Amino acid sequence: MKKLISSIALVMAASPALAVDATPFFSVYGGVGSWSTEVSGSLGDSSTDVSELGLSDESNAYFYVAFEHAVPFIPQVRLERSTISSSGNETVSDAFVFGGQSFDADVATEIDIAMTDAVLYYELAMFDFGLTIRQFDAEASATGEPTGGDGDSVTESETVDGYLPMLYLQTKIDLPFTGLYVTGNVNGISVDGKSVTDYRAAVGYGIEISILAEIGLELGYRAFEIDLGDDEDFAGDIDFSGVYFGANVKF
């Protein structure tokens, strides 16, 4: 068994298609950025189109750090934090039902989502593949006069939180002698009629500032799609998507 493990390790170390880049032996990546999101889809028990709720486009933040090494069999690690928010105030044309409460006049709606990802992945040629564990917190609220009310407003609030396992795939292709690159990644899961998909694609430019460090800029498009079906806590099928701009550094 020891001979077999040693043989596999030697093959991985000798094959550029399987081995992690051993120069340097250990690398650290980090990045921050701003993501401008437009909202589409539906929300609530009545599947009301979010355009009728006046949900606003917003600028949202993200940051990440990744640790990569050249030790066979041990996965690389990436940690990322993203936040999304949107709010609106609109007079609905039809009844908006949220949390079992019906509204049919002016409704103030707010959505807040926070996501923390722990990604464990392996490198295979130009692809990274692995598993994302996403700690997910989402809250939505609606405030307004209920249908048939006496003029007093009420607030209904629904939350979803927990951990999501998601498949992870990423690629990055450097354009020789230019400093330019193209990159993209996707996280996704679908089960029991519910699905979450988060993907992005970008072009970037990196420049070495020393033999130990490289900085870069990135411009891309990201979409986060969540379909909770008729979940009793938070019914909705919402898409947050738009352009993002980020800066990154590698040591």
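Residues numbered from 1 in each chain as written. Predicted model: local features only at pLDDT ≥ 70, side-chain atom pairs only at ≥ 80, totals over all residues. Heavy atoms only, no water.

Remarks on the overall build of the protein
Right, on to step 1. Along the backbone of the protein there are 1 helix and 12 strands.
Right, on to step 2. Along the chain direction, N to C, the helices and strands of the protein fall in the order α-β-β-β-β-β-β-β-β-β-β-β-β.
Right, on to step 3. Expressed as a percentage of its 251 residues, the buried residues of the protein come to 37%.
Right, on to step 4. Across the protein, the fraction of contacts at a sequence separation of at least 24, relative to all contacts at a separation of at least 6, is 62%.
Right, on to step 5. A total of about 13,400 Å² of accessible surface is found on the protein, and carbon and sulfur atoms cover 61% of it. (Helix = DSSP H or I, 4+ residues; strand = E, 2+ residues; numbered from the N terminus. Buried < 20%, exposed > 50% of the residue type's maximum accessible area, 1.4 Å probe, protein only. Contact = heavy atoms within 4.5 Å. Areas by Shrake-Rupley, 256 points an atom, 1.4 Å probe, with all protein chains shown as cover.)

Some details on the packing of aromatic side chains
Right, on to step 1. In total, this model carries 7 aromatic pairs according to the counting rule given.
Right, on to step 2. Ring centres of Tyr 62 and Tyr 244 lie 5.8 Å apart, and the angle between their planes is 85 degrees; on these two criteria the pair is classed as edge-to-face. A residue pair is termed long-range when its members are at least 10 positions apart, and Tyr 62 in strand S3 (residues 58-69) and Tyr 244 in strand S12 (residues 236-250) qualify at 182 residues.
Right, on to step 3. Under the relative-accessibility criterion, Tyr 244 is labelled buried at 2%.
Right, on to step 4. Ring centres of Tyr 122 and Phe 129 lie 6.3 Å apart, and the angle between their planes is 40 degrees; on these two criteria the pair is classed as tilted.
Right, on to step 5. Here the aromatic cluster, defined as three or more aromatic residues joined through ring pairs, consists of Phe 96, Phe 98 and Phe 103.
Right, on to step 6. The ring of Tyr 64 has Arg 78 lying over it, and the distance from NZ or CZ to the ring centre is 4.1 Å.
Right, on to step 7. The ring centre of Tyr 181 lies 4.3 Å from the NZ or CZ of Lys 172, which sits over that ring. (Phe/Tyr/Trp six-rings, centres within 6.5 Å; stacked < 30°, edge-to-face > 60°. Lys NZ or Arg CZ within 6 Å of the ring centre and 35° of its normal.)

Re the side chain of Asn 185
Right, on to step 1. Here Asn 185 lies in strand S9 (residues 180-191).
Right, on to step 2. For Asn 185, a relative accessible area of 8% gives the class buried.
Right, on to step 3. A polar contact is formed between the side chain of Asn 185 and the side chain of Gln 170, at a distance of 2.9 Å.
Right, on to step 4. Apart from the residues lying within four places of it in its own chain, the contact partners of Asn 185 are Tyr 168, Leu 169, Gln 170, Asp 198, Tyr 199 and Arg 200. (Polar contact = N/O pair within 3.5 Å; in protein donor to acceptor, adjacent residues only side chain to side chain.)

What about the pattern of salt bridges?
Right, on to step 1. What the rule picks out here adds up to 6 salt bridges.
Right, on to step 2. In this structure, Arg 222 and Asp 198 form a salt bridge, with 2.7 Å as the shortest nitrogen-oxygen distance. Taken together, the residues span a long stretch of sequence, with Arg 222 in strand S11 (residues 213-229) and Asp 198 in strand S10 (residues 194-210) at a distance of 24 residues.
Right, on to step 3. A residue is classified by how much of its surface remains accessible, and Arg 222, at 2% relative accessible area, is buried.
Right, on to step 4. Among the ionic contacts, a cluster of salt bridges with common partners joins Arg 78, Glu 80, Asp 117, Arg 134, Asp 198, Arg 200 and Arg 222. (Salt bridge = Lys/Arg side-chain N within 4 Å of Asp/Glu carboxyl O.)

Observations concerning the pairing of strand S7 (residues 127-146)
Right, on to step 1. Across 19 bridges, strand S6 (residues 101-124) lies against S7 in antiparallel orientation. Across the sheet, residue Thr 116 finds its bridge partner in S7, namely Gln 135.
Right, on to step 2. Hairpin connection between S6 and S7: a loop of 2 residues separates the two successive antiparallel strands, and Ala 125 in this loop has a positive phi of roughly 55 degrees.
Right, on to step 3. Note: S7 against strand S8 (residues 154-174), 18 bridges, orientation antiparallel. Bridge pairing in S8 links Phe 129 to Leu 169. (Pairing = 2+ DSSP bridges.)

Some remarks on the confidence of the model for the protein
Segments scoring low in pLDDT should not have their predicted coordinates read at a detailed level.
Right, on to step 1. Across the protein, the average pLDDT comes to 87, with 88% of residues at 70 or higher.
Right, on to step 2. When pLDDT is averaged over each helix and strand of the protein, the minimum, 36, is found for helix H1 (residues 2-14) and the maximum, 96, for S9.
Right, on to step 3. Scored below 50 in pLDDT, residues 1-23 makes 18 contacts in the model with residues more than four places away or belonging to other chains. (pLDDT = per-residue confidence, 0-100.)

As for the environment of Ala 202
Right, on to step 1. Note on placement: Ala 202 falls in strand S10.
Right, on to step 2. Each C-alpha atom of the pair Ala 202 and Val 182 lies 5.8 Å from the other, and the pair is 20 residues apart in sequence.

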